[in-house]
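# An overview of the molecular structure
The primary structure of each chain is shown beneath.
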Amino acid sequence: MSLRAELIGDAAGMPGFAVLLPAGWQATDADLTAMGSRLDAVLNAFPDSTREAVRGRIASMLSSARAEAAKADIVRVFAPAGLEPEEFVPVSLVASWLHAPAGGSIQEVGADLIARRGATTLDPGGSILTWPITKATRVEDGEVEVAGAGYLLPVPGRPKTALMFRSQILRSAAGFSIPDDGVAAMSLACDAIVASVRWRRAA
């Protein structure tokens, strides 16, 4: 599998960093319009019996994601692009800055994630925390299940700031479901992207 580096420059006083993206993935700003266009292209290959129902569920997911992006300090959105419809899995990985509550620290935020969310370390050095995020939502014609994970990376030298990632994978909707091995593959891809983060050294 080929990899390419995606460089994120310094912005708004926050440090720059780089991640490695697998072949077929790209980075975009917080505007999710491009992702919606790619999903439309994929959904056009679905059977007529499920296409519109799944399209409606995904539209709802994108609307929710846009609302969250408007409130969060989003850095980048990573997602597959340019894949054949039969190879595509609806997945996104959103990176944002997280600031500890007043009087607190990111270390305390991490301790809370361990206690309340069962967070564990992703990397051998124990610098990245990860925890599962699975959400099932009831809708009129069934249930939508989204699998994913959260990730927390403390920013070196900044005890009150972290880089946070959140992955989302559409697992099932309207009778359509992603095979377990497909979900596992996308989960591992997201893990690998987050684990590849390297901070830009100050000059």
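Up top is the structure.
Right, let's walk through the structure included here.

Analysis parameters
Each chain has its residues counted from 1, following the order in which its sequence is written. Under the rules for a predicted model, residues below a pLDDT of 70 receive no local features and side-chain atom pairs below 80 are neither given nor counted, while totals for whole chains, interfaces and linings still include all residues. The side-chain figures draw on all heavy atoms in the structure; neither hydrogens nor water molecules are used. Labels follow the DSSP assignment, with helices taken as runs of H or I lasting at least four residues and strands as runs of E lasting at least two, numbered in each case from the N terminus. A simple rule labels every residue: compare its accessible area, found with a 1.4 Å probe on the protein chains alone, to the largest value its type can have, and call it buried under 20%, exposed over 50%, or partly exposed in between. Whether two residues are in contact is decided by their heavy atoms: any pair within 4.5 Å suffices. Each accessible area is a Shrake-Rupley estimate made with a 1.4 Å probe; only the visible protein chains count as cover when residues are assessed. Given a helix with a known number of residues, its expected span is that number minus one, times 1.5 Å. Throughout, the arc means that of the directions going from the helix axis to the C-beta atoms. For two strands to be treated as a pair, DSSP must find at least two bridges joining them. Any two rings among Phe, Tyr and Trp, with Trp reduced to its six-membered ring, count as a pair given centres within 6.5 Å; such a pair is stacked if its planes are under 30 degrees apart, edge-to-face if over 60, and tilted if neither.

## Considerations on the overall build of the protein chain
Within the protein chain, the regular secondary structure consists of 4 helices and 12 strands. When each of the 203 residues of the protein chain is scored for burial, the buried share is 43%. Taking contacts inside the protein chain between residues at least 6 apart in sequence as the whole, the part at least 24 apart equals 58%. If you sum the accessible surface of the protein chain, you get close to 10800 Å²; carbon and sulfur atoms cover 54% of it.

## Examining helix 4 (residues 180-195)
For helix 4, which comprises 16 residues, the first-to-last C-alpha distance of 22 Å matches the rise-based estimate of 22 Å (1.5 Å per residue) to within 8%. Listing the buried residues of helix 4 in full gives Gly182, Val183, Met186, Ala189, Cys190, Ile193 and Val194. The buried residues of helix 4 occupy one face: seen down the axis, they fall within an arc of 130 degrees. Looking at helix 4, the residues exposed on the side facing more than 90 degrees away from the buried face are Asp180, Asp181 and Leu188.

## Concerning the side chain of Thr28
The residue Thr28 is located in strand 3 (residues 25-28) in this model. For Thr28, a relative accessible area of 17% puts it in the buried group. The contacts of Thr28, once residues within four sequence positions are left out, are Arg76 and Val77.

## A short note on the sheet that holds strand 12 (residues 198-199)
Strand order across the open sheet formed by 3 strands is 1-2-12, with antiparallel pairing between neighbours. In this open sheet, the two edge strands, each paired with only one partner strand, are strand 1 (3-8) and strand 12.

## Quick word on the packing of aromatic side chains
If you walk through the whole model with that rule in mind, you get 4 aromatic pairs. Ring centres 6.3 Å apart and planes at 25 degrees place the aromatic pair Trp97 and Trp199 in the stacked group. Of the two residues, Trp97 is situated in strand 5 (residues 91-99) and Trp199 in strand 12; the sequence distance between them amounts to 102 residues. Its relative accessible area of 11% is what places Trp97 among the buried residues. Residue classification places Trp199 among the partly exposed positions, given a relative accessible area of 23%. An aromatic cluster is built from Phe17, Trp97 and Trp199, whose rings are joined through pairwise contacts.

## Let's talk about helix 3 (residues 106-117)
For helix 3, built from 12 residues, the straight-helix expectation of 16 Å at 1.5 Å per residue is met to within 8% by its first-to-last C-alpha distance of 15 Å. Within helix 3, burial applies to Ile106, Val109, Gly110 and Leu113. All buried residues of helix 3 project into a common sector of 100 degrees when viewed along the axis, lining one side. Away from its buried face by more than 90 degrees, helix 3 exposes Gln107, Ala115 and Arg116.

## Notes on the environment of Met14
With respect to the helices, strands and loops of the structure, Met14 is situated in the loop between strand 1 and strand 2 (17-22). Under the relative-accessibility criterion, Met14 is labelled buried at 8%. Sequence separation between Met14 and Trp97 is 83 residues, and the spatial gap between their C-alpha atoms is 8.6 Å. What Met14 contacts, discounting residues up to four positions off in sequence, is Trp97, His99, Arg158 and Thr161.

## Considerations on the pairing of strand 4 (residues 73-80)
Inspection of the sheet shows strand 3 paired to strand 4 by 4 bridges, in the antiparallel sense. When the bridges of strand 4 are listed, Gln26 appears paired with Ala79. Here strand 4 runs beside strand 5; their pairing, made up of 5 bridges, is antiparallel. Paired with Val77 across the strands is Val94, a residue of strand 5.

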